[in-house]
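Summary of the model geometry
Each chain, written out:
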Amino acid sequence: MNKSPDAQRMEKIVSLCKRRGFIFQSSEIYGGLSGCWDYGPLGVELKRNLKNYWWHVIVHERDDVVGMDGSILMNRAVWKASGHEDTFTDPMVDCRSCKARLRADQVIEKKGGRQCPNCGGKDLTEPRPFNLMFKTYVGATEDESSLTYLRPETAQAIFVQFKNILEVSRKKLPFGIAQIGKAFRNEINPRNFTFRSREFEQMELEYFCRAEEGTKLLDYWLEERLKFYENIGIPREKLHARKVPDEESAFYSKGTYDIEYDFPFGRQELEGVAYRTDYDLSQHQNASGKSLEYFDEETKQRFVPHVVEPSAGVDRAVLALICEAYSEDEAPDEKGKMETRLVLRFHPRIAPIKCAVFPLLKNKEPLVAKAKEIVDLLRPHMNVFYDESGAIGRRYRRQDEIGTPFGVTVDFETLGEKDAALRDTVTLRERDSMKQERVPVKDLPRILLSRIS
Ligand code: GAP
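Keep in mind it's a predicted model, so treat the numbers as computed, not measured.

**Section: the site of the ligand**
Surrounding the ligand, one finds 19 residues, the nearest of these being Glu 153, Ser 197, Glu 204, Glu 269 and Leu 270. Take Glu 187: an N or O atom from its side chain is 2.8 Å from a nitrogen atom of the ligand. Separating a nitrogen atom of the ligand from a side-chain N or O atom of Glu 204 is a distance of 2.5 Å. Burial of the ligand by the surrounding chains reaches 89%, relative to a free accessible area of 550 Å². Among the detected pockets, the ligand sits in the largest pocket. If you list the elements that add at least two residues to the shell around the ligand, you get strand 12 (199–209), strand 15 (266–277) and strand 18 (306–313). No other element matches strand 15, which puts five residues into the shell around the ligand. Along the lines of polarity and charge, the residues of the shell around the ligand split into four nonpolar, five polar and 10 charged.

**So, the layout of surface pockets**
Looking at the largest pocket, its volume works out to about 1600 Å³. In terms of lining, the largest pocket is formed by 49 residues, of which the most central are Phe 88, Arg 185, Glu 248, Asp 258 and Glu 269. Of all the secondary-structure elements, those providing two or more residues to the lining of the largest pocket are helix 4 (84–87), strand 4 (89–94), strand 12, strand 14 (256–263), strand 15, strand 18 and helix 9 (314–325). If you tally residues by element for the lining of the largest pocket, the top one is strand 15, at eight residues. Approximately 290 Å³ is the volume attributed to the second largest pocket. Contributing to the lining of the second largest pocket are 13 residues, with Glu 334, Glu 339, Gly 393, Arg 394 and Arg 397 lying nearest its centre. Looking at which element gives the most residues to the lining of the second largest pocket, the answer is helix 11 (residues 392–402), with five residues. Each residue belonging to the lining of the second largest pocket can be placed in one class, and the counts come to four nonpolar, two polar and seven charged.

**Remarks on the sheet that holds strand 23 (residues 406–410)**
On the basis of which strands lie adjacent, the open sheet formed by five strands has the order 22-21-23-24-25 and mixed pairing. Looking at strand neighbours, the two that pair on one side only are strand 22 (384–386) and strand 25 (436–440), the edges of this open sheet. Averaged over all pairs of adjacent strands, the angle between their axes in this sheet comes to 25 degrees, without regard to strand direction. Here five bridges tie strand 24 (residues 425–430) to strand 25, and the two strands are oriented antiparallel to one another. Looking at the pairing, Thr 425 lines up with Pro 440 of strand 25. In the packing of helix 11 onto the sheet, the strands contacted are strand 21 (355–359), strand 22, strand 23, strand 24 and strand 25, and the crossing angle to strand 21 comes to about 170 degrees. Running over the sheet, helix 12 (residues 444–452) touches strand 21, strand 23, strand 24 and strand 25 and is turned about 15 degrees from strand 24.

Thresholds, definitions, all that
Position numbers for residues count from 1 along each chain, tracking the sequence in the order it is written. Totals for whole chains, interfaces and linings use all residues, but because this is a predicted model, local features are given only for residues with pLDDT of at least 70 and pairs of side-chain atoms are given and counted only at 80 or more. Note that the side-chain values use all heavy atoms of the structure and ignore hydrogens as well as water. If a single non-hydrogen atom of a residue is within 4 Å of a molecule or strand, that residue counts as near it. Under the rule applied, a polar contact is a pair of N or O atoms within 3.5 Å (in protein, one hydrogen donor and one hydrogen acceptor; residues adjacent in sequence only if both atoms are side-chain atoms). For the area figures, the Shrake-Rupley method with a 1.4 Å probe applies, and any residue is considered shielded solely by the protein chains shown. Buried and open spaces are told apart on a 1 Å grid over the protein atoms alone, a cavity being a set of points where a 1.4 Å probe fits but cannot get out and a pocket being an open set with protein on both sides within 12 Å along at least five of seven lines. Residues with an atom within 4 Å of a point are the lining residues. Put plainly, a molecule is in a cavity or pocket when over half of its atoms are within 2 Å of the grid points there. Numbering goes from the N terminus for both helices and strands, where a helix is a DSSP run of H or I of at least four residues and a strand is a run of E of at least two. Classes in brief: Ala, Val, Leu, Ile, Met, Phe, Trp, Tyr, Cys and Pro nonpolar; Asp, Glu, Lys and Arg charged; the others, Gly included, polar. Grid points are joined across faces, edges and corners, and a volume is the space filled by probe spheres set on the points. When DSSP locates at least two bridges between a pair of strands, those strands are taken to pair. Angular values range over 0 to 180 degrees, each being the angle between N-to-C directions of two axes fitted as lines to C-alpha atoms, with helices fitted over their stretch in contact. The criterion used for residue contact is that any of the two residues' heavy atoms lie within 4.5 Å.

Function cannot be inferred from these measures alone, as they are strictly geometric.
Written out as structure tokens, the structure reads:
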């Protein structure tokens, strides 16, 4: 069967990710581990740039948000109080024919009844709840008393530290606590590359407020988050704010939006923005017996704050960035013949490498020395890459393929051999337009920094 253009595009993206060192299968030499992925040298830079930018926008640029970094293992009581132990489940169905374990929403519904998507079999069990939390034991005894879970979301650490952080930060409502960290879910069917993984990272903000501010802040944060994705290079027309119907959202929620992106495998959730009322803090207050109230100095009232939560998946955003950046166009090769050029059109802000530096020829010492001087000039400001091997056109292509937005070439004019006026100037090439301009070496940090942010 012929694959659809979107399926082919996704295959090319997965293969590029491996070939150029963005994302590898975890434990690959042992056959992998389903739902787990490793980020290679370029992937880790991309992911870090995304997380740093989120932290910058959410924490550093604001007066009303502070950060924290909670532990992955927490007291089991947290997961009882939050409701995860009893209700963090997906409905699961077994196929008795091929033994596949399926999420109930993957079962094909046909007129003749339900069908297994793997083997077409119709002998399926009724759906039953499957808890997605990974169990583990803390300490040397493995029994009920030492049982806990790897956290399935980072949010709960924020709720249980609410009082401590309120006291040390002396913030007034509305204010937020932000966190980036790993989360684990034993997904029944991990799929679509890194989209649904068993180990992943979240960037979560819990923005605490008064009850009467909740609905307005939900709209405010939805808009802020949409702007964030635009600022990292995902156009608004590929983003969709889906209002989650009441019957799909948690019973305590007073409004939830899913921010979705048009992946090659369909429109899927990148982030949830939810008005969770005072449910989480109240649950922990009741279960722990410790007050999680806020005291309003002006009105002299004590109350449990409400919360609006924008909760984003790091890995899903990275995947969206790669899918969005992937493009093929036509460019001339060394002999002027047109060939297909593969380009990752990352926004310079999140590109793993910002600038590549090339001496025109590797066997001309003055060119090499000058190029290395430029690397030293730029390195304190950005991630740079030095490459001297192969024809210059091939070196450009290699950088295009990993999304490096700028290339600097040191040639004989840089040495002032042809025209003294051009001494200490270089060509600066822009990845997408492939346009080249001549700029003084001393201006490079300023020019590049202004174009990166
Ligand atoms: N604290 C709220 C919360 O965790 P969620 O909608 O379950 O809400 C938030 O998760 C985000 O975390 C999702 O929008 C998604 O980006 C990411 N996420 C959730 N499960 C994931 C998985 N299995 N693999 C990758 N990312 C996931």
